[in-house]
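Residue-level listing of the chains:
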Amino acid sequence: MISASDFRNGVTFEMDGQIMQVVEFQHVKPGKGAAFVRTKMKNVITGAVTETSFNPTAKFESAYIERKDMQYSYNDGDLYYFMDMETYDMTPIAASDLGDAFRFVKENMTCKVMSYKEKVIGVEAPTFVELEVTNTDPGFKGDTATNVTKPATLETGTEIKVPLFINPGDKIKIDTRTGEYLERCKK
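Please read all numbers here as calculations on a predicted model, not as lab measurements.

Draft legend 1. Representation of the packing of aromatic side chains within the structure. Considering all chains together, one arrives at 11 aromatic pairs under this definition. Here Tyr72 and Phe102 contribute two aromatic rings whose centre-to-centre distance is 5.1 Å and whose plane-to-plane angle is 80°, an arrangement assigned as edge-to-face. Of this pair, Tyr72 sits in strand 7 (residues 66-76) while Phe102 sits in the loop between strand 9 (90-94) and strand 10 (110-116), and the two are 30 residues apart along the sequence. In this pair, the class of Tyr72 matches that of Phe102, namely buried.

Draft legend 2. Summary view of the environment of Thr39. Looking at the element boundaries, Thr39 is found in strand 4 (residues 36-43). When the C-alpha positions of Thr39 and Thr149 are compared, they lie 39 Å apart, and in sequence the two are 110 residues distant. Thr39 has contacts with Phe7, Val22, Glu24, Phe25, Thr50, Glu51, Thr52 and Phe54, leaving out every residue within four places of it along the chain.

Draft legend 3. Broad picture of the pattern of salt bridges. Scanning all chains against the criterion turns up seven salt bridges. Here Glu14 and Lys117 are joined by a salt bridge, their closest N and O atoms 3.7 Å apart. With Glu14 in strand 2 (residues 12-15) and Lys117 in the loop between strand 10 and strand 11 (119-124), this residue pair connects regions lying 103 residues apart in the sequence. The shortest N-O distance in the salt bridge between Lys106 and Glu155 comes to 3.4 Å. Of this pair, Lys106 sits in the loop between strand 9 and strand 10 while Glu155 sits in the loop between strand 13 (149-154) and strand 14 (159-163); the two residues are 49 residues apart in sequence, bridging distant segments of the chain.

Draft legend 4. Representation of the sheet that holds strand 13. Pairing within the open sheet is antiparallel, and its five strands lie in the order 14-13-12-15-16. Sheet topology places strand 14 and strand 16 (180-184) at the edges, where each strand pairs with a single neighbour. Between one strand axis and the next, the sheet turns through 55° on average, direction left out of account. Pairing between strand 12 (residues 128-136) and strand 15 (residues 171-175): five bridges, direction antiparallel. Bridged to Phe128 within strand 15 is Asp175.

Rules and cut-offs
Residues numbered from 1 in each chain as written. Predicted model: local features only at pLDDT ≥ 70, side-chain atom pairs only at ≥ 80, totals over all residues. Heavy atoms only, no water. Phe/Tyr/Trp six-rings, centres within 6.5 Å; stacked < 30°, edge-to-face > 60°. Helix = DSSP H or I, 4+ residues; strand = E, 2+ residues; numbered from the N terminus. Buried < 20%, exposed > 50% of the residue type's maximum accessible area, 1.4 Å probe, protein only. Contact = heavy atoms within 4.5 Å. Salt bridge = Lys/Arg side-chain N within 4 Å of Asp/Glu carboxyl O. Pairing = 2+ DSSP bridges. Axes fitted to C-alpha atoms, helices over the stretch in contact; angles between N-to-C directions.

Structural measurements only, silent on function.
What follows is the structure, given as structure tokens:
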């Protein structure tokens, strides 16, 4: 059990059947009245962020979320299969549990599979990935305007904005949290 007075950033707990993670917290002791804990928390499964105030003595069930490195192998319809690197067991995960950053993951990449009470609740893609540009308009000599972008299709099928000097066949580094181009990789 964990009380609201023990809240810190990153603490996960169970509330009303939902798994919540503390994003921000503030212990407030007004001049008049009882103290309280103002909390901004994120639902780990849905991603919804809410702000609530708790009595510091409020008790919650502590939630331990297991994060395990697993290798993405292949997909079959709406199921994506991940291999446990230690036991070589295959775990099917529904497309709805993957998250937005998964669009940058290609086969054989290692991801963190998050589970709570033996049930998979999500997949964390690597923070940075290197992917090849498969299709984009060619860059022309003299295209040196700064901060001008063009659409490019990556080897995973995802389309992002890249600078004008990027050509098909170039490998680029992408931040999966924002979906933004970071740099061209060395060949």
